[in-house]
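# Residue-level structural notes
Each chain is listed here by its residues.
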Amino acid sequence: MANYRGRFAPSPTGPLHQGSLVAAVASYADALCNTGEWYVRIDDIDPPREQPGATNEILQALTAHGLFARDNGADSLKDNRVNEPSTTAIVLQSLRSSGYSDTLQQLIKQNLIFACQCSRKSLAESLPHYPGVCIDKQLPLEDHALRVQVKEGLFSFNDRVFGLVQQDVAKEFGPFVLQRRDGLWSYQLCTVADEIADQVTHVVRGEDLLDNTPRQLVLYEYLAQQPPVFCHVPVVRQENGAKLSKQTGAMALDNSRALENLKSAWCFLGQIESRAATVEEFWQFVEKSWDTTRIPTGRAVTN
Ligand code: GLU
């Protein structure tokens, strides 16, 4: 098993923008400095939210910004991997449904899963907490949303940027959905199943996902697996506090300005200024100077 394997896991809901580049740069820089492996996982588990062509655009942008896979030909990543010449090695979640079923089965065997027939509308007032309406109904697992039970108490981890993070998942969320009624898998299930299958040791991603991590810890515990080390980095927000995203009007990265984009992501991550003249020089500089203690935890606002 690799000492360090990191990943970048974009959802193909649109092209990469400056906000997503920040997470990509942070995860790549961390892998680079730890002589680690790094790969791209496309989180294409929600077809209605996907934008045609986005996966290719994302891969092209990564290549233009010098973010090439560093997977050293790792065996565990070979399944479902698509090799695109001149771009990076990627894993597609849409090809991994059988792995998610296996993971779900492990939880079913432990009697941790129950079927839920509540509509989103009927839960609207209590969300994000699920009041447990269907737990004792013993509904058939087919044709229903499937939720996992959560034991009481705090789930905690030491984030490399945010320090000790604790959450009472049962109180905050209660039993959460792993598979929707229409069969679509949840982010929590897929990301944990993949981190385990791909032997990911380090997760570096945006702090908008910080409060998802304790739910993922619930699954790691049930599956008796060691969670990766987590590092959440600040996300680029608009004046009103909303995360920069396609929905909030983020512009696609201009690949012809790759060096400027990288330097601006680097600066956003609180790192010392780079005077690199090329993308290649930039990454050489990064390898020597990435310092997670410089990453700001404040919710920075940027246009
Ligand atoms: N696909 C998720 C997103 O784009 C990120 C998943 C992750 O890094 O765990 O928000």
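The present account deals with the structure reproduced in this document. Note that the structure is a prediction, hence the values are computed from the model and not measured.

## Some details on the overall build of the chain
Scanning the chain from N- to C-terminus turns up nine helices and 11 strands. Computed over the C-alpha atoms, the radius of gyration of the chain is 20 Å, within 12% of the 19 Å expected from 2.2 N^0.38 for a compact globule of 303 residues. The dimensions of the chain, computed from C-alpha atoms along their principal axes, are 65 × 40 × 35 Å. Counting across all 303 residues of the chain, residues that qualify as buried make up 51%. Considering only contacts within the chain whose residues lie at least 6 apart along the sequence, 73% involve residues at least 24 apart. Accessible surface, the chain as shown: approximately 14300 Å² in total, 48% of it carbon and sulfur. For the chain, the centre of its 29 positive side-chain charges and the centre of its 36 negative side-chain charges are spaced 2 Å apart.

## Here we look at the packing of helix α6 (residues 187-197) against helix α7 (residues 213-222)
Running from N to C, α6 and α7 point in directions that differ by 55°, and their axes come no closer than 10 Å. For the element pair α6 / α7, the angle class is oblique. Considering the relative orientation of α6 and α7, their crossing is right-handed. Counting all contacts with α6, which are made through Y187, Q188, L189, T191, V192, E195 and I196, the residues of α7 involved are R215, Q216, L219 and Y220. For the contact of α6 with α7, a count of residues per class yields six nonpolar, three polar and two charged.

## So, the site of the ligand
Inspection of the region around the ligand gives R7, A9, S11, D43, Y187, T191, R205 and L209 as its neighbouring residues. In this structure, S11 approaches the ligand through a side-chain N or O atom, which is 2.9 Å from a nitrogen atom. Note that an oxygen atom of the ligand is positioned 2.8 Å from one of the side-chain N or O atoms of R205. Look at the ligand: alone it shows 300 Å² of surface, and the protein chains cover 80% of it. For the shell around the ligand, the per-class residue count stands at three nonpolar, two polar and three charged.

## Description of the sheet that holds strand β5 (residues 113-116)
Picture the strands of a sheet paired through backbone hydrogen bonds; they go either parallel or antiparallel. Read across the open sheet, the three strands follow the order β5-β6-β9; overall the sheet is antiparallel. At either margin of the open sheet sits one strand with a lone partner, and together these are β5 and β9 (176-179). Each neighbouring strand pair of the sheet contributes to a mean axis angle of 45°, computed without reference to strand direction. In this sheet, β9 lies alongside strand β6 (residues 145-148) in antiparallel orientation, the contact comprising three bridges.

## Quick word on the pairing of strand β8 (residues 163-168)
Here strand β7 (residues 154-159) runs beside β8; their pairing, made up of six bridges, is antiparallel. Counterpart to F157 in the pairing with β8 is V165. Counting the residues in the hairpin turn of β7 and β8 gives three residues.

## Some remarks on the packing of aromatic side chains
In this structure the tally under the stated criterion is nine aromatic pairs. Taken together, a centroid distance of 4.6 Å and an interplanar angle of 85° make the contact between Y28 and W38 edge-to-face. Residue Y28 is found in helix α1 (residues 18-33), and its partner W38 is found in strand β2 (residues 37-42); the two are separated by 10 residues along the sequence. Accessibility classification places Y28 together with W38 in one group, the buried group. With centroids separated by 5.4 Å and ring planes inclined at 65°, the aromatic side chains of F157 and F230 adopt a geometry described as edge-to-face. With F157 in strand β7 and F230 in strand β11 (residues 229-233), this pair connects stretches of sequence that are 73 residues apart.

## Points about the environment of V161
With respect to the secondary-structure elements, V161 resides in the loop between β7 and β8. In this structure, the C-alpha to C-alpha distance between V161 and P234, residues 73 residues apart in sequence, is 9.2 Å. In this structure, V161 is in contact with C231, H232, T292, I295 and T297, ignoring residues within four places of it in sequence.

## A few points about the pairing of β5
Going residue by residue along β5, you find I113 and A115 tucked away on one face and F114 and C116 tucked away on the opposite face as well. Note: β5 against β6, four bridges, orientation antiparallel. What sits directly across from A115, in β6, is L146.

## A closer look at α7
The element α7 is largely enclosed, with a buried count of nine among its 10 residues. Taken together, the buried positions of α7 are occupied by T213, P214, R215, Q216, L217, V218, L219, Y220 and Y222. Positive phi appears at A224, one or two residues downstream of α7, with a value of about 55°.

Procedures and definitions
- Per chain, residues are indexed from 1 in the order of the written sequence.
- Restriction of local features to residues with pLDDT of at least 70 applies here, the model being predicted, together with a cutoff of 80 or more for giving and counting side-chain atom pairs; totals for whole chains, interfaces and linings are based on all residues.
- Excluded from the side-chain calculations are hydrogens and water; all other atoms, namely the structure's heavy atoms, are used.
- Strands here are runs of E lasting at least two residues and helices are runs of H or I lasting at least four, both read from the DSSP assignment and numbered beginning at the N terminus.
- In this description the radius of gyration comes from C-alpha coordinates, and the expected globular size is given by 2.2 Å times residues to the power 0.38.
- We call a residue buried when its accessible area falls under 20% of the maximum for its residue type, exposed when it is over 50%, and partly exposed in between, using a 1.4 Å probe and counting protein chains only.
- Contacts: residue pairs with any heavy atoms within 4.5 Å of one another.
- Throughout, the Shrake-Rupley method with a 1.4 Å probe supplies accessible areas, and for residues the shown protein chains are the sole cover considered.
- Counted as positive: Lys and Arg. Counted as negative: Asp and Glu. His and the chain ends are not counted at all.
- By convention, the point assigned to a charge is CZ for Arg, NZ for Lys, CD for Glu and CG for Asp.
- Fitting a line to C-alpha atoms yields each axis, with helices limited to the stretch in contact; the angle taken between N-to-C directions then spans 0 to 180 degrees.
- Note that the term roughly parallel is reserved for angles under 35 degrees, roughly antiparallel for angles over 145, roughly perpendicular for angles of 65 to 115, and oblique for everything else.
- Crossings are classed by handedness, with left-handed meaning an anticlockwise turn of the near helix from the far one by less than a right angle and right-handed meaning a clockwise turn.
- Think of it as three bins: nonpolar holds Ala, Val, Leu, Ile, Met, Phe, Trp, Tyr, Cys and Pro, charged holds Asp, Glu, Lys and Arg, and polar takes everything else, Gly as well.
- Any residue with at least one heavy atom within 4 Å of a molecule or strand is counted as near it.
- For this analysis, a polar contact is any N or O atom pair within 3.5 Å, provided that within protein one partner can donate a hydrogen and the other can accept it, and provided that sequence-adjacent residues contribute only side-chain to side-chain pairs.
- Pairing between two strands requires that DSSP report at least two bridges joining them.
- Note on aromatic contacts: the rings of Phe and Tyr and the six-membered ring of Trp form a pair at centre separations within 6.5 Å, being stacked when their planes are under 30 degrees apart, edge-to-face when over 60 apart, and tilted otherwise.

Shape is all these values report; function is a separate question.
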